[in-house]
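Chain by chain, the residues run as shown.
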Amino acid sequence: MAAASGSLTLSSATFAKLTPHPFLLANLQPPDSSTPSARTNGRQPRQARPYSVNTSSLSHAHGSAVVRSGDTTVICGVRGETLLTSQIPNYRVPQPGDTASYDELRDYDLLVPNVELATGCAPNFLPGVPPTTLAQTLSTRLFSLLHSSKLLSAEDLRIYYEKADIRDDEEMEEDGEDETTKEVKAYWVLYIDVLFVSFDGNPFDVAWAAILAALRDTKLPYAYWDVDREMVLCSRPTTTKPATPLNIHGLPVACTAAVFTARERQKRGGGQYWILVDPDRLEETLCDETVTMVVDNTDGELKILTISKNGGTVVGPALMREFANVAGARWKEFRAVLQ
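Conventions we followed
- Residues numbered from 1 in each chain as written.
- Predicted model: local features only at pLDDT ≥ 70, side-chain atom pairs only at ≥ 80, totals over all residues.
- Heavy atoms only, no water.
- Helix = DSSP H or I, 4+ residues; strand = E, 2+ residues; numbered from the N terminus.
- Buried < 20%, exposed > 50% of the residue type's maximum accessible area, 1.4 Å probe, protein only.
- Contact = heavy atoms within 4.5 Å.
- Expected span 1.5 Å × (residues − 1).
- 1 Å grid on protein atoms, 1.4 Å probe; cavity = no way out; pocket = protein on both sides within 12 Å on 5 of 7 lines; lining within 4 Å.
- Points joined across faces, edges and corners; volume = space filled by probe spheres on them.
- Nonpolar A, V, L, I, M, F, W, Y, C, P; charged D, E, K, R; others polar.
- Pairing = 2+ DSSP bridges.
- Axes fitted to C-alpha atoms, helices over the stretch in contact; angles between N-to-C directions.
- Parallel < 35°, antiparallel > 145°, perpendicular 65-115°, else oblique.
- Left-handed = near helix turned anticlockwise from the far one by under 90°.
- Salt bridge = Lys/Arg side-chain N within 4 Å of Asp/Glu carboxyl O.
- Lys, Arg positive; Asp, Glu negative; His and termini not counted.
- Polar contact = N/O pair within 3.5 Å; in protein donor to acceptor, adjacent residues only side chain to side chain.
- pLDDT = per-residue confidence, 0-100.

Participant: Run through the overall build of the protein chain, naming residues and quoting values.
Facilitator: Scanning the protein chain from terminus to terminus reveals 9 helices and 14 strands. Counting every position in the protein chain, which comprises 339 residues, the buried fraction comes to 41%. A separation threshold of at least 6 residues defines the contact pool for the protein chain, and within that pool the share at least 24 residues apart is 67%.

Participant: Break down helix H5 (residues 133-148) for me, with residues and values.
Facilitator: An ideal rise of 1.5 Å per residue puts 22 Å on 16 residues; H5 measures up with 22 Å between its terminal C-alpha atoms. Within the sequence span of H5, burial applies to Ala 135, Leu 138, Ser 139, Leu 142, Leu 145, Leu 146 and His 147. At the C-terminal side of H5, Lys 150 shows a positive phi close to 55 degrees.

Participant: Could you give me a rundown of unusual backbone geometry, with the residues and numbers involved?
Facilitator: The phi dihedral of Ser 56 falls on the positive side, at around 55 degrees, and the residue is not glycine. Structurally, Ser 56 can be placed in the loop between strand S1 (51-55) and strand S2 (63-69). The partly exposed category is assigned to Ser 56, whose relative accessible area is 48%. Positive phi, close to 50 degrees, is recorded for Asn 202, a residue that is not glycine. Considering the arrangement of structural elements, one finds Asn 202 in the loop between strand S6 (180-198) and helix H7 (203-217). Residue Asn 202 is classed as buried on the basis of its relative accessible area of 2%.

Participant: Let's hear about empty space enclosed by the protein: which residues, and what values?
Facilitator: Enumeration according to the criterion identifies 2 cavities of 30 Å³ or more in this entry. The space that makes up the largest cavity amounts to roughly 70 Å³. For the lining of the largest cavity, the element with the most residues is helix H9 (residues 317-338), which contributes 5 residues. Across the lining of the largest cavity, the residue classes tally to 7 nonpolar, no polar and 2 charged. One number sums up the size of the second largest cavity: a volume of about 30 Å³. Around the second largest cavity sit Tyr 51, Asp 205, Trp 208, Ala 209, Leu 212, Pro 252, Val 253, Ala 254 and Phe 334, which together line it. Only H7 and strand S11 (253-261) provide two or more residues apiece to the lining of the second largest cavity. The element best represented in the lining of the second largest cavity is H7, accounting for 4 residues.

Participant: Account for the pairing of S11, with residues named and values stated.
Facilitator: Buried residues dominate S11, accounting for 9 of its 9 residues. One ladder, built from 7 bridges, connects S11 with strand S13 (residues 289-296); its direction is antiparallel. Following the sheet pairing, Ala 257 is matched in S13 by Val 291. In terms of strand pairing, S11 meets strand S12 (residues 273-277) through 5 bridges, oriented antiparallel.

Participant: Tell me about the packing of H5 against H7, residues and numbers included.
Facilitator: Running from amino to carboxyl end, H5 crosses H7 at an angle of 50 degrees, the nearest separation of the two axes being 11 Å. As summarised for this structure, H5 and H7 are arranged oblique, according to the angle between their axes. The chirality of how H5 crosses H7 is right-handed. Residues Leu 134, Leu 138, Arg 141, Leu 142, Leu 145 and Leu 146 of H5 form the contact with H7, whose own contacting residues are Pro 203, Phe 204, Ala 207, Trp 208, Ile 211 and Leu 215. Here the contact of H5 with H7 is composed, by residue class, of 11 nonpolar, no polar and 1 charged.

Participant: If you had to explain the pattern of salt bridges to someone new, which residues and values would you point to?
Facilitator: For the structure shown, the criterion picks out 15 salt bridges. In this structure, Lys 309 and Glu 289 form a salt bridge, with 3.1 Å as the shortest nitrogen-oxygen distance. Of this pair, Lys 309 sits in strand S14 (residues 303-310) while Glu 289 is found in strand S13, placing the two residues 20 residues apart along the sequence. Take Glu 289: its relative accessible area is 3%, and that puts it in the buried class. Through salt bridges with shared partners, a single ionic network connects Arg 43, Arg 49, Asp 200, Asp 278, Arg 330 and Glu 333.

Participant: With reference to specific residues and values, describe the sheet that holds S13.
Facilitator: Taken together, the 4 strands give an open sheet; going across it, the order is S12-S11-S13-S14, and neighbouring strands pair in antiparallel fashion. Each end of this open sheet is capped by a strand with a single partner; those strands are S12 and S14. Taking the axes of each pair of neighbouring strands and ignoring which way they run, one obtains an average angle of 20 degrees across the sheet. Sheet topology places S13 next to S14; 7 bridges connect them, and they run antiparallel. Within S14, the residue paired with Val 295 across the bridge is Ile 304.

Participant: Which residues make up the side chain of Asp 205, and what values do they have?
Facilitator: Inspection of the secondary structure puts Asp 205 in helix H7. No salt bridge is formed by the buried Asp 205. Its closest oppositely charged neighbour is Arg 330, at 5.5 Å. Side-chain polar atoms of Asp 205 contact the side chain of Thr 256, separated by 2.7 Å.

Participant: How would you sum up the confidence of the model for the protein chain? Please name residues and give values.
Facilitator: Regions with low pLDDT carry predicted coordinates that are not meant to be interpreted in detail. Model confidence for the protein chain is summarised by a mean pLDDT of 86, while 88% of its residues fall at 70 or above. A low-confidence stretch, residues 1-6 (pLDDT under 50), is modelled with 0 contacts involving residues beyond four sequence positions or located in other chains.

Okay, here's the thing in C-alpha cells:
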C-alpha cells in the first residue's frame, strides 16, 4: 500500500513533462482566488523578461551585440563588404533628389541577414542537420522588417568618387572655385549574422533586438575609389578619417505574445484564455495563436509599424488595442537598456 500511495505523488517537473497543458493551466488558474495568476516560470501573464545588452562583443566585426532575455541568448555580428556598381546587373544611377533610396537596399540586396540555431541551444536542435524551418522563417521575417521599418538608408552605404570638372581657365576664373561631381562607384553590403547561443522561446523579438543593438554599434571604415587601380580601398580609422557610424532611423521594437486557452482545442468564442507576453519555449508549444507587434515611440507618439498574427481566433481589435499599450511599455524598457 505504501508503494501504491507513493506512486501517486509526482514532482512538478514530472507533472510538466507528462501533462504540460494542465500543468500550465493549474498555475494560471489557482484554486485559491486570493492567489494571483502566474505562469510556470513565475512571471505574471503580461510580464516580459528583462533585456540585457552588451555591445562590441566581437573584435573582428564592424558592429556586434549580445542580447539576453531570460534563457534566450543571441549574438549578432555585422560586417560590411564592398560591392562595385559594375557588378550589379540591374544598377540604376541615382538621380539628384531621388527619394527611392530605400528601394536600393532591397533591389541590390545590401542587407543580408542570416540566422543560425547553434547545436545545443535547445534539445531539439541536433548537429549535422540542414537549416531548420524556424531558422529560415526567422531570416525571412527579419529581412522583411529591415526594409519595411526603413531603419537604414542607402545613402549611408554609398561609396562616392568625387571628380573635378575639366573646364577652361576663363570659366574657372569667372566661377572663382572648382566644381566637383559625385559618382557612386560602390556600395557597402551589410552581412548580419544572428547566432542563438541558448533558446528558450520568443526568438524573433530577441533576434531583432540583437540586430538593433549591433547596427547601432556598427562603424564602417573610410572607403574611397582609387582611379589608378579602379577599385575601392579602405583606410584604417584615423583622426582625419574616422570610422563612420550608421545613421539609424527610429527605434522599432518587437513585442510578441501567445494566447493560451483553457481547453487544448477551444472553439471560437468559448472558454477562458490568457495573453502570455514574451512566451518561453514550453508556452510556445502549448499555444496555437501568437501575435507580434513592432512599435516605435521615438517621436513621443506610439506608432505601430507592423502586426503579424498566426493561428487562432481569440485576438481581435479590442485585444490589439490593449496589446499596443503592452508593446509601448516593452519599447520603453528596451530603450532604457540601450541608453
